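Take a look at the letters that make up each chain.
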Amino acid sequence: WSSSKKTTDDYSLNLDIQCEAQACDENTPCPEGFICDAGFCTRDVGPACEDDAFEEHDDLETATPLEPGEYPDLRLCGVEDPGDLFAVQVCAGGTLTVDMLFSHADGDLDAVLADIEGNVLAAGESTDDNEQLIYESADDAVVFVGVVGFNGAENGYGLNVALEGCDDAPICVD
């Protein structure tokens, strides 16, 4: 490719691409990894990633509050998605356990628990399926569960959130 600058505000881009596309139809299939599109074989890139219902939850202001429970069908969409962030209230003396369930073969995801200051409280960065984060809180606090794709990976995942040692009394966070 080539580009040439005409003025300070105008650019021109010239592309000269030459290739021979393989024709295809029901009698002439495409090679593996390709699909037949409008009579020509094109690389099969699969479906576009669709964010989960909680988007945009990528920073402290938009973190999705979670109660103890199961949250299936979550999705991280690679380099376009900086990560997913959730907020969980934990009581003094309570133990928070977060299980992130995913298939590593479909994309390597990592999980982290952090406080409001960004201090890492627990991290799951394995190279196999699933991550588990456990945190015992000394004070009433809001902790953040962050999910990121290693090297921009995208993947579907689920979260199971359990909180032990806290009764139903409200948690007061300063």
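Notes on the structure in this doc start here. Here the structure is a predicted model, which is why all the values come from computation and not from measurement. (Residues numbered from 1 in each chain as written. Predicted model: local features only at pLDDT ≥ 70, side-chain atom pairs only at ≥ 80, totals over all residues. Heavy atoms only, no water.)

**Considerations on the overall build of the chain**
This is how it is decided: Secondary structure is summarised from DSSP: a helix means a run of H or I of at least four residues, a strand means a run of E of at least two, and numbering begins at the N terminus for each. Buried, partly exposed and exposed residues are distinguished by accessible area as a fraction of the type maximum, computed with a 1.4 Å probe on protein chains only: under 20%, between the cut-offs, and over 50%, respectively. Any pair of residues with heavy atoms lying within 4.5 Å of one another is described as a contacting pair.
Secondary structure summary: the chain contains 0 helices and 13 strands in total. Sequence-ordered secondary structure for the chain, helices as α and strands as β, is β-β-β-β-β-β-β-β-β-β-β-β-β. Looking at the chain as a whole, 32% of its 174 residues qualify as buried. Counting only contacts in the chain whose residues sit at least 6 apart along the sequence, the fraction spanning at least 24 positions is 66%.

**Regarding the pattern of salt bridges**
The test is simple: The salt bridge definition used is simple: a Lys or Arg side-chain nitrogen within 4 Å of an Asp or Glu carboxyl oxygen.
Taken as a whole, this structure holds 1 salt bridge when the rule is applied. Notably, a salt bridge pairs glutamate 154 with arginine 75, separated by 3.9 Å at the nearest N-O pair. With glutamate 154 in the loop between β12 (141-149) and β13 (155-164) and arginine 75 in strand β6 (residues 69-76), this pair connects stretches of sequence that are 79 residues apart. Taking the relative accessible area as the measure of exposure, glutamate 154 reaches 31% and is therefore partly exposed. Classification of arginine 75 as partly exposed rests on a relative accessible area of 26%.

**Focus on the state of the cysteines**
Our working rule: By definition, disulfides here are pairs of cysteine sulfur atoms that lie within 2.5 Å.
Inspection of every chain in the model, using the stated rule, returns 2 disulfides. The disulfide that involves cysteine 24 links it to cysteine 36, with 2.0 Å between the sulfurs. Between cysteine 24 and cysteine 36 the disulfide shows an S-S torsion of about 90°. By sign, it is right-handed. With cysteine 24 in the loop between β2 (11-14) and β3 (34-37) and cysteine 36 in strand β3, the pair connects residues that are 12 residues apart, well separated along the chain.

**Observations concerning the sheet that holds strand β9 (residues 109-114)**
The line we're drawing: A pair of strands is considered paired only if DSSP assigns at least 2 bridges between the two.
Here 5 strands make up an open sheet; going across it, the order is β5-β7-β12-β9-β10 and the pairing mixed. Looking at strand neighbours, the two that pair on one side only are β5 (64-65) and β10 (120-124), the edges of this open sheet. Bridge analysis of β5 against strand β7 (residues 84-90) gives 2 bridges, and the strand direction is parallel. What sits directly across from proline 65, in β7, is alanine 87.

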